[in-house]
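Fold and geometry: a report
Residue strings, one per chain:
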Amino acid sequence: MKKIFYSIILCSLVTVLASNVFLGTSKLEASEKSAAASEVQLNVMTYNLRYLNDSDPSPHTWEERLPAIKKLIRKNHPDIIGTQEAVYQQITDLEKTLNHYSWIGLGREGGSRSKGEYSAIFYNEHRYIPLEYDHFWLSDTPDVIGSTSWGNSIPRMVTWAKFFDQESKQSFYVVNTHFDHQSANAREKSAVLINEKIKEFDPELPVLLTGDFNASPDSIPYETLTSEGAFDDLLKTANVTINENLGTFNGFDDRTGGGPDSRIDWVLGKGNIFTHKTKIINDYKNGQFPSDHYPVISNLTISY
């Protein structure tokens, strides 16, 4: 995991940050309460980057796709990106090629440079400070690194962070995950566990959930996550939607992304969130898809 260093302009915050950045207290917000804005403007993206392997033919090798991913991200200006499936080399490659982004993450088998895929969160380091972050595994023993128990052979996990926005002086949570692609039972129980885990967060703060859920909008995991006041689907609540007729899994060969039933990558939100626009980004050029998934981005306003 990348070590994070902070440069805070307001000297009055330095002592507070030094003692609380990883402890998860609310002192920073309290010290800025009088100066806090009532809204946060945010662009949030979810993006399955396709794991690094030797079997993807040209033009879909990682080396060829990386410049296209960089171009896509720069074009769409996400403040926060929940990534899935990338391994450590891809995470660090992306960090090097993007300006002003830092990241939070852990390999699914544990360790900052471990083998296996990451559910990492990239963020604009010029604007956001992670006050606290952690990970848990999608199993009956979520605190056990690499644990599985629901029929999935691959460990699945969640990375979450509580961010402080230096512009608005407000805070919010981001949760990022990748559900299992084989076990329906694992996906269903993963959705239940996430709903339970977010109850441990500050209930006054909004929560954004990004991920590759490997489930369609008519699935049980979707219903679990979007019913009874859990989360809203920010494509469904957006004032403007772009490419809502597409799916998000293109498989490097399907420009429709599999159609709406294959919309398996979602940006969800909990709290007082107004979604201006949500777009499924279907970039494709010269026979190349930047990934085998289309990213989804939501432009939103959080009110406090």
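Only a predicted model underlies this, so the values are computations on that prediction, with no experimental measurement involved.

Quick look at the overall build of the protein now. Check the secondary structure of the protein and you find six helices and 13 strands. Burial analysis of the protein (304 residues in total) assigns 57% to the buried set. Partitioning the contacts of the protein with sequence separation of at least 6, the portion at a separation of at least 24 is 74%. As displayed, the protein has an accessible area near 13,200 Å², and 49% of this comes from carbon and sulfur atoms.

Within the element layout of this structure, Lys197 appears in helix α5 (residues 184-197). Lys197 gets classed as buried once you look at its relative accessible area, which sits at 15%. When neighbours within four sequence positions are excluded, Lys197 is seen to be in contact with Phe136, Pro142 and Asp143.

With that settled, consider α5. With 14 residues, α5 should cover 20 Å at 1.5 Å per step; its first-to-last C-alpha distance of 20 Å lies within 8% of that length. Those residues of α5 that fall on the buried side of the exposure criterion are Ala186, Arg187, Ser190, Ala191, Leu193, Ile194, Asn195 and Lys197. Residues of α5 that are buried sit in contact with β5 (128-137), β6 (157-165), β7 (170-178), β8 (207-212) and α6 (220-226).

Now for the sheet that holds β6. Read from one edge of the open sheet, six strands run β5-β6-β7-β8-β11-β9, paired in mixed fashion. At either margin of the open sheet sits one strand with a lone partner, and together these are β5 and β9 (232-233). Strand direction decides the pairing type here: β6 and β7, joined by eight bridges, are antiparallel. Looking at the pairing, Phe164 lines up with Ser171 of β7.

Let us look at the side chain of Asn152. Positionally, Asn152 belongs in the loop between β5 and β6. Judged by its relative accessible area of 6%, Asn152 falls in the buried class. Within the local environment of Asn152, its side chain forms a polar contact with the backbone oxygen of Ile154, the two atoms lying 2.9 Å apart. Non-local contacts of Asn152, meaning those with residues more than four positions away in its chain, are made with Asp180, Ser183 and Ala186.

Let us now look at the pattern of salt bridges. All chains considered together, the criterion is met by nine salt bridges. Lys199 serves as the salt-bridge partner of Glu196, at 3.1 Å between the closest nitrogen and oxygen. By relative accessible area, Glu196 is classed as partly exposed at 42%. According to the relative accessible area criterion, Lys199 is exposed, its value standing at 60%. The partner of Arg263 in a salt bridge is Asp233, with the nearest N and O atoms 2.7 Å apart.

This part is about the environment of Thr237. Checked against the element boundaries, Thr237 lands in the loop between β9 and β10 (240-242). Sequence separation between Thr237 and His276 is 39 residues, and the spatial gap between their C-alpha atoms is 8.7 Å. Aside from chain neighbours lying at most four places away, what touches Thr237 is Asp232 and Thr275. Polar side-chain contacts of Thr237 include one of 3.5 Å to the side chain of Thr275.

Rules used in this analysis
Every chain's residues receive numbers from 1 upward, in the order its sequence appears when written. Reporting in this predicted model follows two pLDDT cut-offs: at least 70 for local features of residues, and 80 or more for side-chain atom pairs to be given and counted; totals over whole chains, interfaces and linings ignore these cut-offs and use all residues. In computing side-chain properties, one takes all heavy atoms of the structure into account and sets aside hydrogens as well as water. In this description a helix means any DSSP run of H or I spanning at least four residues, a strand means any run of E spanning at least two, and both kinds are numbered starting from the N terminus. Exposure classes here rest on a 1.4 Å probe applied to the protein chains alone. A residue is buried below 20% of its type maximum, exposed above 50%, and partly exposed in between. Residues are treated as being in contact if the distance between any of their heavy atoms lies within 4.5 Å. For the accessible areas, the method is Shrake-Rupley and the probe is 1.4 Å, while residue cover comes only from the protein chains on display. Working rule for helices: expected span equals 1.5 Å times residues minus one. Pairing between strands is defined by DSSP: at least two bridges between them are needed. Two N or O atoms form a polar contact when they lie within 3.5 Å of each other; inside protein one atom must be a possible hydrogen donor and the other a possible acceptor, and for residues adjacent in sequence the pair counts only when both atoms belong to side chains. Here a salt bridge means any side-chain nitrogen of Lys or Arg lying within 4 Å of a carboxyl oxygen belonging to Asp or Glu.

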